[in-house]
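If you want the building blocks of each chain, they are given just below.
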Amino acid sequence: MKTIAKMQHNKQLSMLLGRRLPIVRRCLTSARPQPLDEEQSVASSLLKKLDMIGSQLVQDILSGVHQQAGGMTTAAILGRALIDESNEYISRGADPKQIRVGLMAAVDEVIYQLNAMARPIHVPSMRLLSVAITSAQGDRPIGGLIYQAIKRAGLEGEIAIKTTSTAHVELRFPQNYTQDGNEPEPEPSRSCHLGRWVTIPAVDTLLSQVYAAEQATGPAPERTSVVFLVGGSSEADKNQKKKLITDAVMRTRAAVEGGLVPGGGTALIRCMKPLDSLMVDNEDQRLGVRAVRRALRMPCWTIAQNCNIDGNEVARVVEEYRMSEDFGFDVVSGRYCSMSVQGIMDPTKVVRSAVTNAAGMASLLITDHEFVSESNN
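Asker: How do you make sense of the overall build of the protein chain when you look at a structure like this?
Answerer: If you tally the helices and strands in the protein chain, you get 17 helices and eight strands. Intrachain contacts of the protein chain at a sequence separation of at least 6 include 73% that bridge at least 24 residues. Of the roughly 19,300 Å² of accessible surface on the protein chain, 52% is carried by carbon and sulfur atoms.

Below is the structure:
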């Protein structure tokens, strides 16, 4: 029974590290042989510590992704794929350090390709309004307010988001915002209420009205601060709206800062082919590049699979039959299309953040066995 227990612990430890049993045996035999009971205790303790360290590491990295620009789901998908691919190569004897070198070289190339692919967004513009509405999960009223906020504040001005005792959401400008941080007095002429947008029946109408307003009023004033006052029917409703606005403002600003790339995982698939000609020093580094190349198709694959559509087929078609750079798959309509025409675009900064953080997470986790095998404790 003790032998079976030891084998089970070794198997668990091997699965945690992403290696097969020989790697675990190498870790456990770095010190002098110990009695079975003590070895079992050490393995159990090590398993728990590594489990906590690995879980916390992933949580910290994904939290950082969200705070930087968003794209946490994409980062998690890419990170998982990179780790799985890399560990498969390591189990066959590849050097984790060399895989990491190739992986990071490939990521640098992906970032270069994303930047080259990015389409700029101007402030103000109808494209900016469309991005704001999309970032607000299709909520036209809130998207309209976010558009007005970024039009006023730009990238440098402060956009404060506070809860209030009212039942609606307002956007106010600095003339009616007190410096001590207290809730300002009502000033309807300087407030943008949600009710102003609710009666607008379609996004096209909203775009036309905003465009007409821009032509009538001229360019936006000097960048300044704006304040969202978020009300609701309950505290839960207020908090939900506040989070929606906070995330949408972050994503819209990211789009203004770095432009847009085709969404739905299309931009990442477009970065696959340039990796075929990327020069590296050895075969293990080439494996790192290959891991990145294979991981890049996973966001597109996952989106399709989540909609009960064959992800392998969608990813293959998007990769092979590129009618244009933004040729992709719209899971809502179930058709291949121009992603930019359909408005399915992602902020470049968000995609870049997801790629770099996924690579960082994978680099740490695929080399974690170095800390175990080189230790005498």
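Asker: Is there a simple way to think about the pairing of strand β4 (residues 226–230) in this case?
Answerer: For a regular strand, side-chain orientation follows a simple rule: the groups alternate between the two sheet faces. Of all five residues in β4, five are buried; the element is thus mostly enclosed. Burial of β4 is two-sided: the residues Val226, Phe228 and Val230 facing one way and the residues Val227 and Leu229 facing the other way are all buried. For strand β1 (residues 159–163) and β4, the ladder comprises five bridges, and the chain directions are parallel. The residue bridging Ile161 from the neighbouring strand is Phe228, located in β4. As paired strands, strand β2 (residues 169–172) and β4 are joined by four bridges and run antiparallel to one another. Counterpart to Arg172 in the pairing with β4 is Val227.

Asker: Which parts of the structure should I look at to understand the packing of aromatic side chains?
Answerer: Any aromatic ring pair is given by two values, namely how distant the centres are and how the planes are angled relative to each other. Counted by the stated rule, this structure contains two aromatic pairs. Look at Phe327 and Tyr336: their rings are 5.8 Å apart centre to centre, the planes differ by 20°, and that puts the pair in the stacked class. A relative accessible area of 9% places Phe327 in the buried class. Using a relative accessible area of 33% as the deciding quantity, one classes Tyr336 as partly exposed.

Asker: Help me understand empty space enclosed by the protein, please; the structure alone is not making it clear to me.
Answerer: The probe, sized like a water molecule, is rolled over the atoms to show the empty space still left. If you walk through the whole model with that rule in mind, you get two cavities of 30 Å³ or more. In this structure, the largest cavity occupies an estimated 50 Å³ of space. Taken together, Leu78, Leu82, Val107, Val292, Ala295, Leu296, Val355, Ala358 and Ala359 make up the full set of residues lining the largest cavity. No other element matches the three residues that helix α16 (residues 348–366) contributes to the lining of the largest cavity. Looking at side-chain class alone, the lining of the largest cavity contains nine nonpolar, no polar and no charged residues. What the second largest cavity holds in volume is close to 40 Å³.

Asker: Even after reading the chapter, I still don't get unusual backbone geometry, so can you show me in this structure?
Answerer: Phi is mostly negative for residues that are not glycine, and the peptide bonds are mostly trans. With an omega of -5°, the peptide bond running from Val123 to Pro124 counts as cis. Relative to the assigned elements, Pro124 resides in the loop between α5 (96–117) and α6 (126–135). Residues other than glycine seldom take positive phi values, yet Gln137 does so here, at roughly 60°. Within the element layout of this structure, Gln137 appears in the loop between α6 and α7 (140–153).

Asker: Help me understand the environment of Thr74, please; the structure alone is not making it clear to me.
Answerer: The topology assignment puts Thr74 in helix α4 (residues 72–91). Classification of Thr74 as partly exposed rests on a relative accessible area of 26%. It is 9.2 Å that separates the C-alpha atoms of Thr74 and Val350, two residues lying 276 residues apart in sequence. Leave out the neighbours within four places in its chain, and Thr74 touches Leu268, Pro299 and Ala354.

Asker: Looking at this model, I keep getting lost on the environment of Val110. Mind explaining?
Answerer: Within the secondary structure layout, Val110 lies in helix α5. Here the alpha-carbon distance between Val110 and Val355, two residues 245 residues apart in the chain, equals 8.2 Å. Setting aside anything within four residues of it in sequence, one finds Val110 in contact with Cys271, Leu275, Val292, Leu296 and Val355.

Asker: Could you clarify how one ought to interpret α7 in this entry?
Answerer: In an α-helix, one turn spans 3.6 residues; hence positions three or four apart end up facing the same way. A rise of 1.5 Å per residue sets the reference length of α7, with its 14 residues, at 20 Å; its end C-alpha atoms lie 20 Å apart and thus fit the reference within 8%. The N-capping residue of α7, defined by a side-chain oxygen 3.1 Å from the backbone nitrogen of Ile142, is Asp139. Looking one or two residues beyond α7, the residue adopting positive phi is Gly154, at roughly 65°.

Asker: Even after reading the chapter, I still don't get the pairing of strand β7 (residues 335–338), so can you show me in this structure?
Answerer: Sheet topology places strand β6 (residues 327–330) next to β7; four bridges connect them, and they run antiparallel. Across the sheet, the residue bridging to Phe329 is Tyr336, located in β7. The hairpin turn running from β6 into β7, its antiparallel successor, is four residues long, and Gly334 in that turn takes a positive phi close to 75°.

Asker: Is there a simple way to explain the pattern of salt bridges in this structure?
Answerer: Two side chains that carry opposite charge are able to pair once their charged atoms sit near each other. On inspection of all chains with the given rule, the structure shows 14 salt bridges. Residues Lys238 and Glu235 are paired through a salt bridge, measuring 3.5 Å at the closest nitrogen-oxygen approach. Here the residue Lys238 and the residue Glu235 both occupy positions in helix α10 (residues 235–258), the gap between them amounting to three residues, near one helical turn. Taking relative accessible area as the criterion, Lys238 reaches 10% and is therefore assigned buried. Connected through shared salt-bridge partners, Asp276, Arg293 and Glu319 make up one network.

Cut-off values and rules
- Residues numbered from 1 in each chain as written.
- Predicted model: local features only at pLDDT ≥ 70, side-chain atom pairs only at ≥ 80, totals over all residues.
- Heavy atoms only, no water.
- Helix = DSSP H or I, 4+ residues; strand = E, 2+ residues; numbered from the N terminus.
- Contact = heavy atoms within 4.5 Å.
- Areas by Shrake-Rupley, 256 points an atom, 1.4 Å probe, with all protein chains shown as cover.
- Buried < 20%, exposed > 50% of the residue type's maximum accessible area, 1.4 Å probe, protein only.
- Pairing = 2+ DSSP bridges.
- Phe/Tyr/Trp six-rings, centres within 6.5 Å; stacked < 30°, edge-to-face > 60°.
- 1 Å grid on protein atoms, 1.4 Å probe; cavity = no way out; pocket = protein on both sides within 12 Å on 5 of 7 lines; lining within 4 Å.
- Points joined across faces, edges and corners; volume = space filled by probe spheres on them.
- Nonpolar A, V, L, I, M, F, W, Y, C, P; charged D, E, K, R; others polar.
- Expected span 1.5 Å × (residues − 1).
- Polar contact = N/O pair within 3.5 Å; in protein donor to acceptor, adjacent residues only side chain to side chain.
- Salt bridge = Lys/Arg side-chain N within 4 Å of Asp/Glu carboxyl O.

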